[in-house]
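Descriptive structure summary
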Amino acid sequence: MEPNLLCFILSTLFGLALTSFNQHLHNGTRHYNYCVLGAGPAGLQMGFFLSKANRDYIILERNSGPGSFFNKYPRHRKLISINKIHTGRWNREFNLRHDWNSLLSDNPDLLFRKVSGEFYPPADAFPLYLSTFVRELGLKVQYGVDVGRVRSVQSAAGRSYILTDQHAADYSCSVLLVATGLWVPQEVEFAGSDLVEGYESISTNPDDYKGQAVLILGKGNSAFETAQSILGRASRVHMLSSSPVRLAWQTHYVGDLRAVNNELLDTYQLKSLDGLVEAHLEDIVIAKQEERGRRRSGGKKGETRAKLFLGLQKFRQAGDERNTSDVSPEELPGHHIDNFPLRRPYDRVIRCLGFRFNFSIFDSSARPPHSHNAKGRLPGVTAWYEGKNTPGLFLLGTASHSRDYRGSAGGFVHGFRYTARAVHRLLEHRYHGNPWPSTRLMTTQLTSWILKRVGEASGPYQMFEVLGDVILLQGSHCEYIEEFLLQALPRFASLSGHEVSSHGLIVVVMQYGKKKIDYLGRGRAETDWTKAWKSNFLHPVLYYYDSLPTEQDMKMRPHGWPLPRPKAIHHMVEDFLTEWDGPLSHIQPLRRFLEHCVQTDLRAFSAETCFRSALTHRRSQLSCQQGYLNQRGVQRYGQLTRGVYEAGLVPAEQVSAGTSTGASPAFPNYLAPAGASVSSGLKLDL
Amino acid sequence: MWACVAFVLLWIRSAGCTEKANMSKRIEYTAADFYERLLSGKMMFLYFEQQVSPTISLFLVELEKSAEALQDYGVLVGKVSCQKEPIQTYCAEAKQQHTAFLFRGGREFTSFSLDTVFDVNSIVAEVLFAILGDEVKYVHTDADLLAMEKAAKGKKDIVLSYVRSLGTEEHRALMETAYVYGSKYQFILITGGPVLKQLRVNESPQLSRVWFLHCRVHSTSLTPVTPVTSERCPLTQMRKALSTLNLHTFLQLLEAPLVSDVYVDPSSVPPPQSPYQLTPQVFLFSHPATVHLDLDTATTLAWRLRGLAMLLLVHRQSPAVKTPEKYNAAYRLPEKSSEVKYLTLHSLDDVLELFTKQEEEEEEEDHVDEEEDSHLGELDDEVAAAVHKNRGHFQDMDSVTQLTSDNFHAEVAQSSLTVALFYLKWDAVSMHFLSSFIEVAERLEDSQVDDVHMCVVDCGEWTDLCAAQPGSAVPFRPIAAFPSVLLIRPQQSAQHYRGMLTGEALHCFIMMSRMASPVPLSTEEEVTSFLQEAPHPDLATYRPDRILGLIRTASQPGLSVFTEAAKSLRGEVLTGLLTDGLVEKWAAEYAADPPAVLLFPSWRNPTVRPSLLLVDSSSKELLARIYSALLPPVVCGYLSVLPLQDLFLYNRLAFKGQKTVFVGTALQKQT
């Protein structure tokens, strides 16, 4: 009751604050409960949820249309986000697993497929889709508002954010949702960095690279995309960055090099004059020199073009502050190391290092800190995407990617559409007292429901290891809460408005195996359910806790785990078709795990069996209680397999097989046999 | 006297105990013992213990165990401690430490390296092998085997065995059998290689096997299996695993007559007696006209079934044979049930297949059992197991309409009553009920009930339809329990079916639901027919509960309460509403003060006075009271004879009515 009351007070105060603000529009300041900064995919996604909940909101956009980033990027105009239209299924939730561009809405037809049917759609289709989204849902977007300054003010009514646009008009917001994306090109300072062209401004006409030797800085998708477009024209394409190339199909991270862009790997390994090199960009020197003693054979009208040489900081003469465009031959690495890989000069050096968050518009009172990962390019956020030190300011979309950088899909449309939904649910609870939506289920229905979710749910599938379903066990019933933010689990009660009972909770997470294996090699897939914990591909994992893990537990969790060590864990064996509905391999082990968690027999029984057990036991099996004794018995079916019921005692190994614990606990015996008191000899410490 | 018996028993017990405790002592012999027994010419298997190392102590444990086993074969097993009793001949050399000795006829017969006698099985096998000497022969090549066969022809049958490795349990089983049957059969041991190839065994890994070579019988005419031309003996392979018991049974079975004649019906032939009790029986029928031909057929088949089954020839001329003419064969399997199964055969292979197949199945089962836990691959949920077992059969969904998010509204608008089953493919109860649901749909179709539209919704696929949020256009709340059956009528909110998940109950519910609820009754005839006639010929055997509403005018508030209650009772209980004129008459007759309800529970004779309930202020309360009033009273002893169906009903009412049931109330049920 306490938190509810608190919520109520908070929301009343909040409401009061809002009305008082709305009444006084001082100095032309307009007040909104919610301001969304940026009309990109994340901003519009949040806009939809706010509009659906009838909240007072505005989306501010500096350009004249939504998703302006995509008017320019990717430079070569092909999106590499999958737009798989033909899945062979009608399940709309399932189909979203294979639709990486659509935003969430209640309109089942408002999908990206409406604007493009291509598997890798053209970039122009995206702003088109976004404007359709805005139009059809009637979202409130104000274009042409270029917010140059964001500051926070503390008043008696609470904290609010003041946004100032290019016309010095102010917008006051109780909650600020920053969805500005990443669009400031990331640069690295080194001697000669001014000689480098940027991805944002290079020519996309391959003919401009005819016969040229090109050095590309970076090994991400933009770098490879650029390399791929000029492969047929350039004489040499070398790629340089500090770390070796990471292949998305090996790391399962969509931000790593996608196979669609990796033609250069082929030409490199098939000895075709292209190549990859590793070096710290901070250590390099780019120097301009006229090529001496040679004339370019193809030079038109006697035009000579300066060549760019790659040097290393360590070979530069100490204290040398000369212009980088003039380097003596002694300072070039080729002079010292005669087989230095990049000793040949280049015609162009192109920087393709990605983008960073624009921190500059934030006043110190409202500026989120730099993230610890991603080279500080992203703002640091809490597990629920609120800026650290900036309560009421949330980060959405690509800018919120620091939580799962190089992990999950939080930096991409198909991932952040779900985290935006989670943030919205949190806002609904925090400011309006609406608890997270949940489904109340009979415990006997839990197995089926989990199977339904793991079979279709798109949120936990895309945002694997970041979003997970939380099941609050409450005896004969349970509360099913979809897509909670796993990292925020210690604060579950205060963020969601649901209480955890003494029966504990189960968290359903999708996970890849943690072992690095040969992803195309033999034995990459585990098919034996008794070894489900060895699964390598994406598979559901259930964590059972008897009480909420604490912040400390979360901090001390094993490396690479999304959650702390649970009381019991269950892996559902990976499935080639990602359909987890095999009676023997998936359903029965899952049911046994749940039986262990809820300490109840969850099997279904025929009316005859229920009848028998009703006469011989003080308390009947749960499925009989909720079924047969509630007049919903099941008819016995031909000859049921002999004595399944009698074969109640099952060896412990099989029950715990999916459970990764060495010491197999003396588990259900058959669990709480009807009427018997629950045995407490159950210890599943991992 | 009893004291005596008790004493004797006690003495035996204690003796037994000491016997066990002294086991290790018992196999230890002194030098004197040794010489004495040696002189008596007894067979002894002895080990002379010089120093005890871990390996030796392990061997000693095994030696001890084998003492008992070899006792049956008249072999004394023991050890002599060299430290206590230094016997010159055997305690002097260090290499004797790794040797055990067999004494026979007063002298050292042979010695074994401890590498070959390492456990009970190997000790027993090796010792017996040594003792049997010539009775068990080794054969290395096919030529040797042929020579043996020639020698044995007409004299002895041959038991040929291949043991995967020596010193195993299988080896021991063979030797033990050879000890017993050694004089009767010639035992041959082969070690693989060319002989195995000749026997056409090429599976790998090779398992230990036994063949029986029929060399004793002269008549080659009886052996249709192997080409008659060859000088080789026809052979029968033992199909079961090599163990003493199986081998014994197999040899016994081969001794049994090939074909026995019977003159009674197969069903009255007793199951085979020991030692054949585990053997199936096959019956063939013989006509007087074709008796020779039948016997030939039977013999041919018998040869092929040797070692597998026993063949009995039933003579049809006997009046005791009752088997219909259409059957020409029958069989009875051991264990499973002693029931005789009849069949019509077209070729002998059918029978053979029957047994070999069954054997394979058995083998498979055995195989699974052997693998540590046989439960691994089994479903322990009876419903899931039943559905899983039936997985090969695809449901014929022609008689039901599949509802989707796209066609839902159009389909539902088509008919006055849509019955929709919401199911999940992976939910066993759903799939189990789906087949019943389809049966009901077919049944309705057959009885030309065309105002009910039977539909199914696959909620694994149409998740947005099943989870449609309140406020959207569907007439139901999100479905969170599977299976769910909803009765949907245009422009009304859906009604949940809460009955038994059986076709029968659902059918009944649907048929009852087709009746209006309440049924307006304006004449006495209508009332009589309402109270006494079945609502539909299909429900003739079913006696529903009936309720009559006595409510004066349409304006009375009781009317809405009653109609609302009637609406929720639709399908379960027949409700009628008397119109104005009749109300007064019935009210006077039953001394009721309208608004009131008259109940005619199914368990009570309809001519008996109905119970009377006053209409409450809320339909919920009224419903609760109706449910509890419809409960049949229960007494002790009634439960045990209560038919299952009644108990369902009873439970249903008990739970709905929230009424505490006092067992012991007088039984009012009609007799």
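You'll find the structure just up there.
Residues numbered from 1 in each chain as written. Chains lettered and ligands numbered in written order. Predicted model: local features only at pLDDT ≥ 70, side-chain atom pairs only at ≥ 80, totals over all residues. Heavy atoms only, no water.

The next point concerns the overall build of chain A. On a plain count of helices and strands, chain A comes out with 18 helices and 23 strands. Out of the 686 residues belonging to chain A, those deemed buried represent 58%. In chain A, 66% of the contacts between residues at least 6 apart in sequence involve partners at least 24 apart. Carbon and sulfur atoms make up 51% of the accessible area of chain A, which amounts to about 29,400 Å² in all. (Helix = DSSP H or I, 4+ residues; strand = E, 2+ residues; numbered from the N terminus. Buried < 20%, exposed > 50% of the residue type's maximum accessible area, 1.4 Å probe, protein only. Contact = heavy atoms within 4.5 Å. Areas by Shrake-Rupley, 256 points an atom, 1.4 Å probe, with all protein chains shown as cover.)

This next bit is on the overall build of chain B. The helix and strand tally for chain B stands at 23 helices and 25 strands. Counting across all 671 residues of chain B, residues that qualify as buried make up 49%. Counted over contacts in chain B with a minimum sequence separation of 6, partners at least 24 positions apart contribute 70%. For chain B, the exposed surface amounts to about 33,700 Å²; the carbon and sulfur share of it is 55%.

What follows covers unusual backbone geometry. Put simply, Tyr73(A) and Pro74(A) share a cis peptide bond, and its omega is -15 degrees. Among the structural elements, Pro74(A) can be located in the loop between α3 (69-72) and α4 (92-96). For Asn54(A), which is not glycine, the phi torsion reads 60 degrees and is therefore positive. Tracing the chain through its elements places Asn54(A) in the loop between α2 (41-52) and β2 (57-60). Phi at Ala591(B) is positive, roughly 50 degrees, even though this residue is not glycine. Following the sequence through the fold, Ala591(B) ends up in the loop between α20 (580-589) and β24 (596-600). For Ala591(B), a relative accessible area of 65% corresponds to the exposed category.

Residue and element names in this part refer to chain B. The element strand β3 (residues 75-81) is largely enclosed, with a buried count of seven among its seven residues. The alternating pattern of β3 places Val75, Val77, Lys79 and Ser81 on one face and Leu76, Gly78 and Val80 on the opposite face, and all of these are buried. Here strand β1 (residues 28-29) runs beside β3; their pairing, made up of two bridges, is parallel. When the bridges of β3 are listed, Tyr29 appears paired with Val80. With seven bridges joining them, strand β2 (residues 43-49) and β3 adopt parallel strand pairing. Directly across from Met44, in β3, lies its bridge partner Leu76. In this region the chain leaves β2, passes through helix α4 (residues 54-71) and returns to the parallel neighbour β3; the handedness of that crossover is right-handed. (Pairing = 2+ DSSP bridges. Right-handed = clockwise from strand over helix to strand, strands pointing away.)

Here the focus is the sheet that holds strand β8 (residues 185-190) of chain B. All names here are of chain B. With mixed pairing, five strands are arranged side by side in an open sheet as β6-β8-β7-β9-β10. Two strands lie at the open edges of the sheet, namely β6 (136-139) and β10 (235-237), each paired on one side alone. Mean inter-strand twist for the sheet, computed between neighbouring axes without regard to direction, equals 25 degrees. Summarising the sheet, β6 and β8 pair through four bridges and their orientation is parallel. Directly across from Lys137, in β8, lies its bridge partner Ile188. (Axes fitted to C-alpha atoms, helices over the stretch in contact; angles between N-to-C directions.)

Let's shift gears to the nonpolar core. Across soluble globular proteins, nonpolar side chains have a tendency to be buried as a group. Within the largest apolar cluster, 117 residues are counted, with the highest numbers of intra-cluster contacts made by Leu44(A), Val150(A), Leu163(A), Leu177(A) and Leu489(A). Tallying contributions element by element places helix α10 (residues 413-432) of chain A first for this core, with eight residues. Leaving out residues up to four positions away in the same chain, Val150(A) has contacts with Leu37(A), Tyr161(A), Ile162(A), Leu163(A), Leu176(A), Ile361(A), Phe362(A), Asp363(A) and Ala366(A). Residues Ala604(A), Leu444(B), Leu487(B) and Leu582(B) belong to the second largest nonpolar core, which totals 58 residues. (Core = buried A, V, L, I, M, F, W, Y, C linked by side-chain atoms within 4.5 Å.)

Residue and element names in this part refer to chain B. Overall, the coordinates contain 47 aromatic pairs over all chains when judged by the stated rule. Both rings, one in Phe48 and one in Phe103, keep their centres 6.4 Å apart while their planes meet at 85 degrees; by these two values the pair is edge-to-face. Residue Phe48 is found in strand β2, and its partner Phe103 is found in strand β4 (residues 99-104); the two are separated by 55 residues along the sequence. Taking the relative accessible area as the measure of exposure, Phe103 reaches 1% and is therefore buried. With centroids separated by 5.4 Å and ring planes inclined at 80 degrees, the aromatic side chains of Phe129 and Tyr138 adopt a geometry described as edge-to-face. Under the relative-accessibility criterion, Phe129 is labelled buried at 16%. (Phe/Tyr/Trp six-rings, centres within 6.5 Å; stacked < 30°, edge-to-face > 60°.)

Let's shift gears to the side chain of Thr404(B). All names here are of chain B. Tracing the chain through its elements places Thr404 in the loop between β16 (401-402) and α14 (408-414). Residue Thr404 is classed as buried on the basis of its relative accessible area, which comes to 14%. In this structure, Thr404 is in contact with Trp462 and Leu465, ignoring residues within four places of it in sequence.

Let us now look at the pattern of salt bridges. Inspection of every chain in the model, using the stated rule, returns 40 salt bridges over all chains. Residue Arg233(A) pairs with Asp207(A) through a salt bridge whose shortest N-O separation is 2.6 Å. One end of the pair, Arg233(A), is in the loop between α6 (221-230) and β10 (236-241); the other, Asp207(A), is in the loop between β8 (197-198) and β9 (213-217), with 26 residues separating them in the sequence. Between Lys79(B) and Glu49(B) there is a salt bridge, with its nearest N and O atoms 3.0 Å apart. (Salt bridge = Lys/Arg side-chain N within 4 Å of Asp/Glu carboxyl O.)

These figures capture arrangement, not role.
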